[in-house]
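A look at the structure
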Amino acid sequence: MASRVIPVGPFDLVIFGGTGDLARRKILPALFRRFCAGQMCGDARIISAARAEMDSAAYRDFARSAILEFDDNDACAADNLEGFLEQLSYITLDARGDTGWPALKGALREGPVQAFYFSVGPGLFGDLAERLHKYGIAGPESRIVVEKPFGRDLASAQALNKGLAQHFDENQIYRIDHYLGKETVQNLMAIRFGNTLFEPLWNAQYVDHIQITVAESVGVGTRGGYYDKSGAMRDMMQNHLMQLLCLIAMEPPAKFDPAAVRDEKLKVIRALDPLEPEDVVRGQYEGTDERPGYCDQVENHDTRTETFIAIKARIGNWRWAGTPFYMRTGKRLKARASEIAVVFKDAPHSIFGATTGRHRNILTIRLQPNEGIELGVTIKEPGPGGMRLVDVPLDMSFAEALGPDSGDFPDAYERLIMDVVRGDQTLFMRGDEVEAAWEWVDPIIEAWQEADSAPILYDSGSSGPDDALRLMHKDGRRWREIKT
């Protein structure tokens, strides 16, 4: 079942930081795949801007190399690549000076949608916003895309929001979290609000608890310099996992539009109970004979930055009172896996007797790998000998259920960049949402800093610190296994 592609109208997309790692690995390959899919019309133009001295021909060579390295879609033939590269140009530009800005203004057209992708560090957001207006480049219909990290605490997030608000209205600002562009994440809303089977059960009366896991098998690699200033709480929990929590827990919006969806997500964050120290576990991976530990990969070998975080969160509203949300994320774990598991309560009474054991339904949404949805149900084990109950999955892998072409889902960046062009903010974070998330996270980070506490060491290739297991064991629950 091939997906229906709706072409977008003509647009000018400016990529600030167009020679950077994000542009090379994600943005350019994503745009190329949309070009191959027929979604970008011939009037679409991509203008990259950065400090490096090069002309447009040299930049096309840079883009060609990036796409050949990071795009794995064999369907995109060489003639498609050359056609895509013809739509690219390059301008040498100084974000904090005057170089390149008049040339950029002259390169943009009147009429098409104008979008400006800030693929740079947050320290340059204000400079870019100010110069886009100083040189009369951005207008009231222009859109800007800003990447995470959007601040490192509430105060810095508020300062960034204030700086952007001096030049752009909120409806012009697209704060990107690539997790929201994943097909399965978007399917959370379809599962909940498109099926009468689930929504009546989506509350504390029927749900025992919910687990959200984002596990990575790799370490920090070459990102140690950045990561050591953030840690798992800032890098993953405050944004990616928080967004998953909002989508799984929010009330049904009145309609599927950006304002209504983001209003309900904000309500979830504001309903979160303050975190208690005993409900948070932070860890740091140790090295092995084959692989270095975290402290060996960063400049500060005595660092106390966490590479693993597990949290028991509570939402203080009528729908979820008494139902805990367990969230965990970490690096150098036993496998790469991201999933949300909705664990329903046991049947109030078993007619089959105690010998059949405990059985419960679990709805699992797999984000990676092998995106899909699985519902665990209880059936009788075939054969004679009495009533023996077993749990079996009703498994819908997208690739199997929707046909051979369905596995070729658009990458998150493909979807989100096209949403910017279309002017759809549904899958982007609003300023008050970002600030509310920091307001919840900040107190626990401040408590760590005041106590000068060290994270718990855990073995590389494990499921994380034992204390994370005890976080659930003390409640009579256990984490789902991180499958290899």
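Summary of the structure given here. Because the structure is a prediction, the values reported are computed rather than measured. (Residues numbered from 1 in each chain as written. Predicted model: local features only at pLDDT ≥ 70, side-chain atom pairs only at ≥ 80, totals over all residues. Heavy atoms only, no water.)

**Overview of the overall build of the protein**
Along its length, the protein carries 14 helices and 15 strands. Seen along its three principal axes, the alpha-carbon backbone of the protein occupies a region of about 80 × 55 × 50 Å. The burial tally for the protein puts 52% of its 484 residues in the buried class. Considering only contacts within the protein whose residues lie at least 6 apart along the sequence, 77% involve residues at least 24 apart. Looking at the protein as shown, the accessible area adds up to about 21,700 Å², and 51% of this sits on carbon and sulfur atoms. Positive and negative side-chain charges in the protein, numbering 56 and 72 respectively, have mean positions lying 3 Å apart. (Helix = DSSP H or I, 4+ residues; strand = E, 2+ residues; numbered from the N terminus. Buried < 20%, exposed > 50% of the residue type's maximum accessible area, 1.4 Å probe, protein only. Contact = heavy atoms within 4.5 Å. Areas by Shrake-Rupley, 256 points an atom, 1.4 Å probe, with all protein chains shown as cover. Lys, Arg positive; Asp, Glu negative; His and termini not counted. Charge placed at Lys NZ, Arg CZ, Asp CG, Glu CD.)

**Looking at the packing of helix α1 (residues 21-36) against helix α2 (residues 56-70)**
Closest axis-to-axis distance for the α1/α2 pair is 9 Å, and the angle between their directions is 90°. Taken together, the axes of α1 and α2 lie roughly perpendicular to each other. On α2, the residues that touch R24, R25, L28, P29, F32 and R33 of α1 are Y59, F62, A63, A66, I67, E69 and F70. Taken together, the residues that form the contact of α1 with α2 break down as nine nonpolar, no polar and four charged. (Axes fitted to C-alpha atoms, helices over the stretch in contact; angles between N-to-C directions. Parallel < 35°, antiparallel > 145°, perpendicular 65-115°, else oblique. Nonpolar A, V, L, I, M, F, W, Y, C, P; charged D, E, K, R; others polar.)

**Considerations on the packing of aromatic side chains**
Under the counting rule described, the total for this entry stands at 18 aromatic pairs. For the pair F118 and F125, a centre-to-centre distance of 6.0 Å together with 45° between the ring planes defines the contact as tilted. Taking relative accessible area as the criterion, F118 reaches 0% and is therefore assigned buried. Here the aromatic rings of Y227 and Y294 are separated by 6.0 Å at their centres, their planes lie at 70°, and the arrangement is edge-to-face. Of this pair, Y227 sits in helix α8 (residues 224-227) while Y294 is found in the loop between β8 (280-285) and β9 (308-313), placing the two residues 67 residues apart along the sequence. For Y227, a relative accessible area of 1% corresponds to the buried category. Look at Y294 and you get buried, because its relative accessible area is 0%. Chaining the aromatic ring pairs together yields one cluster made of F16, W101, F116, F118, F125, Y135 and F150. In this structure, R175 packs its charged tip against the face of F150, placed 5.2 Å from the ring centre. Lying over the aromatic face of Y179, K182 brings its terminal NZ or CZ to 5.2 Å of the ring centre. (Phe/Tyr/Trp six-rings, centres within 6.5 Å; stacked < 30°, edge-to-face > 60°. Lys NZ or Arg CZ within 6 Å of the ring centre and 35° of its normal.)

**Topic: empty space enclosed by the protein**
Within this structure, the stated rule accounts for two cavities of 30 Å³ or more. Reported here for the largest cavity is a volume of approximately 70 Å³. The wall of the largest cavity is formed by K148, P149, F150, G151, Y226, R234, Q238, N239, M429, V434 and W438. Counting residues per element, the ones that place at least two in the lining of the largest cavity are α9 (231-249) and α13 (431-451). Looking at which element gives the most residues to the lining of the largest cavity, the answer is α9, with three residues. Partitioned by chemical class, the residues of the lining of the largest cavity number six nonpolar, three polar and two charged. (1 Å grid on protein atoms, 1.4 Å probe; cavity = no way out; pocket = protein on both sides within 12 Å on 5 of 7 lines; lining within 4 Å. Points joined across faces, edges and corners; volume = space filled by probe spheres on them.)

**Some remarks on the sheet that holds strand β6 (residues 173-175)**
In a beta sheet, neighbouring strands are held together by backbone hydrogen bonds and run either parallel or antiparallel to one another. Within the open sheet, the six strands sit side by side as β3-β2-β1-β4-β5-β6. Their pairing is parallel. This sheet does not close on itself; its edge strands, each paired only once, are β3 (88-92) and β6. Across the sheet, the mean angle separating the axes of adjacent strands is 20° when strand polarity is ignored. Lying on the sheet, α2 is in contact with β2 (45-50) and β3; it crosses β3 at an angle near 120°. (Pairing = 2+ DSSP bridges.)

**Remarks on unusual backbone geometry**
One can expect most non-glycine residues to show negative phi and most peptide bonds to be in trans. Residue P369 follows Q368 across a cis peptide bond; omega there is -15°. Along the polypeptide, P369 turns up in the loop between β12 (362-368) and β13 (372-380). At R332, a position not held by glycine, the phi torsion is positive, near 55°. Here D452, not a glycine, exhibits a phi torsion of approximately 50°, which is positive. With respect to the helices and strands, the residue D452 is situated in the loop between α13 and β15 (456-458).

**Side note on the side chain of K312**
Mapping K312 onto the fold places it in strand β9. On the basis of relative accessible area, K312 is assigned to the buried category, the value being 11%. A polar atom in the side chain of K312 sits 2.8 Å from the side chain of D475. With sequence-adjacent residues up to four places away left out, K312 is seen in contact with L275, D279, P324, F325, Y326, L471 and D475. (Polar contact = N/O pair within 3.5 Å; in protein donor to acceptor, adjacent residues only side chain to side chain.)

**Quick word on the packing of α9 against α13**
To characterise two packed helices, one gives the angle between the axes of the helices and the distance between these axes. At a minimum axis separation of 11 Å, α9 and α13 run at an interaxial angle of 140°. It follows from the interaxial angle that α9 and α13 lie oblique. Crossing of α9 over α13 shows right-handed handedness. Here M233, R234, Q238, M242 and Q243 of α9 come into contact with α13, specifically with E433, V434, A437, W438, W440, V441, I444, I445, W448 and Q449. In terms of residue class, the contact of α9 with α13 is made up of 10 nonpolar, three polar and two charged. (Left-handed = near helix turned anticlockwise from the far one by under 90°.)

**As for the pairing of strand β10 (residues 325-330)**
Most of β10 sits inside the fold, with six of its six residues counted as buried. In β10, alternate side chains face the same way, and those of F325, M327 and T329 on one face and Y326, R328 and G330 on the other are all buried. Two elements, strand β7 (residues 207-215) and β10, share six bridges in a ladder whose sense is parallel. The partner of V214 across the bridge, within β10, is T329. With six bridges joining them, β9 and β10 adopt antiparallel strand pairing. Each residue of the ladder has a partner; that of A310, found in β10, is R328.

**Some thoughts on the environment of P292**
Among the structural elements, P292 can be located in the loop between β8 and β9. Separated by 73 residues in sequence, P292 and G219 have C-alpha atoms that sit 8.8 Å apart. P292 has contacts with Y285, G287, Q297 and R332, leaving out every residue within four places of it along the chain.

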